[in-house]
Amino acid sequence: AQSVTQPDIHITVSEGASLELRCNYSYGATPYLFWYVQSPGQGLQLLLKYFSGDTLVQGIKGFEAEFKRSQSSFNLRKPSVHWSDAAEYFCAVVINTNAGKSTFGDGTTLTVKP
Amino acid sequence: DTEVTQTPKHLVMGMTNKKSLKCEQHMGHRAMYWYKQKAKKPPELMFVYSYEKLSINESVPSRFSPECPNSSLLNLHLHALQPEDSALYLCASSQGVLMTDTQYFGPGTRLTVL
């Protein structure tokens, strides 16, 4: 079965600093990959997704992610973090045999220091 | 309009009560989803409706009963719940159930079972 690992449970960065959130997946083929953000008490919002093609994907709110097949990773980055980026971030995968069904990582909580 | 609405925002119910959660979207999407999310955990898929027919039931207890009266509306009927069912219940919709279809999430209903 496919799995998604987000190794960092909690990350704290200073406002204006760069950010990288890690995501590793376990699956034989290339899955479809997603990053979502969830602010407290809110639903999930899609930041970006990767299906194929260019391995560097641009998303909303200044986020980008890079797919690295050799490392089975899909890390999320932002060059300069804003206080409003403080939230929970989830990486998710969808594979062909489970269309409509996403497998989520456990999430990374981002705290932004002033 | 990319909004999924959920009512109520908060619900407190006793173990003998019957209540319903409501989800609505007007994006013309033909797939709708219910997720359960416990605190500090990722969403867990409960049900998927595709073209108003139940396509995935993730072995959810029968005290949760989904209903899709039309393509815009998704209900979750609750009966004889347990305290461990207390969670954030998220609804989502997508154009279809293809892997490339983005899921749009509602803000959720915070359910407390006493």
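Residues numbered from 1 in each chain as written. Chains lettered and ligands numbered in written order. Predicted model: local features only at pLDDT ≥ 70, side-chain atom pairs only at ≥ 80, totals over all residues. Heavy atoms only, no water.

Draft legend 1. Examining the overall build of chain A more closely. Looking only at helices and strands, one finds zero helices and 12 strands in chain A. The helix and strand sequence of chain A, counted from the amino end, reads β-β-β-β-β-β-β-β-β-β-β-β. In terms of overall dimensions, chain A is globule-like: its C-alpha atoms have a radius of gyration of 14 Å, near the 13 Å expected for 114 residues. Projected onto its principal axes, the C-alpha coordinates of chain A cover approximately 45 × 30 × 20 Å. Counting the 114 residues in chain A, one finds 47% classified as buried. A separation of at least 24 residues holds for 53% of the contacts in chain A among residues at least 6 apart in sequence. Roughly 5300 Å² of accessible area belongs to chain A as shown, and the carbon and sulfur atoms make up 48% of that amount. Taken as two groups, the 9 positive and 9 negative side-chain charges of chain A have centres that lie 4 Å from each other. (Helix = DSSP H or I, 4+ residues; strand = E, 2+ residues; numbered from the N terminus. Rg over C-alpha atoms; globule rule 2.2 N^0.38 Å. Buried < 20%, exposed > 50% of the residue type's maximum accessible area, 1.4 Å probe, protein only. Contact = heavy atoms within 4.5 Å. Areas by Shrake-Rupley, 256 points an atom, 1.4 Å probe, with all protein chains shown as cover. Lys, Arg positive; Asp, Glu negative; His and termini not counted. Charge placed at Lys NZ, Arg CZ, Asp CG, Glu CD.)

Draft legend 2. Seen up close, the pattern of salt bridges. Scanning all chains against the criterion turns up eight salt bridges over all chains. Here Lys22 of chain B ties to Glu24 of chain B by a salt bridge, and the two come within 3.8 Å at their closest N and O atoms. Residue classification places Lys22 of chain B among the partly exposed residues on the basis of a relative accessible area of 35%. With relative accessibility at 24%, the residue Glu24 of chain B sits in the partly exposed group. Put simply, Asp85 of chain B and Arg63 of chain B hold a salt bridge, and the shortest N to O gap is 2.7 Å. Residue Asp85 of chain B is found in the loop between strand S8 (73–79) and strand S9 (87–94), and its partner Arg63 of chain B is found in the loop between strand S6 (53–57) and strand S7 (64–70); the two are separated by 22 residues along the sequence. The exposure class assigned to Asp85 of chain B is buried, which follows from its relative accessible area of 2%. The exposure class assigned to Arg63 of chain B is partly exposed, which follows from its relative accessible area of 24%. Residues participating in the shared-partner salt-bridge network are Glu64, Glu66 and Arg77 of chain A. (Salt bridge = Lys/Arg side-chain N within 4 Å of Asp/Glu carboxyl O.)

Draft legend 3. Highlighting the sheet that holds strand S3 (residues 18–25) of chain B. Residues and elements named next belong to chain B. Reading across the sheet, the four strands line up as S1-S3-S8-S7 and stay open at both edges, with antiparallel pairing between neighbours. Pairing within the sheet leaves two strands with one partner each, and these edge strands are strand S1 (4–7) and S7. For this sheet the average axis-to-axis angle between neighbouring strands, irrespective of direction, equals 20 degrees. In the sheet, S3 pairs with S8 via seven bridges, with the strands oriented antiparallel. By the bridge assignment, Lys22 is partnered in S8 with Asn75. (Pairing = 2+ DSSP bridges. Axes fitted to C-alpha atoms, helices over the stretch in contact; angles between N-to-C directions.)

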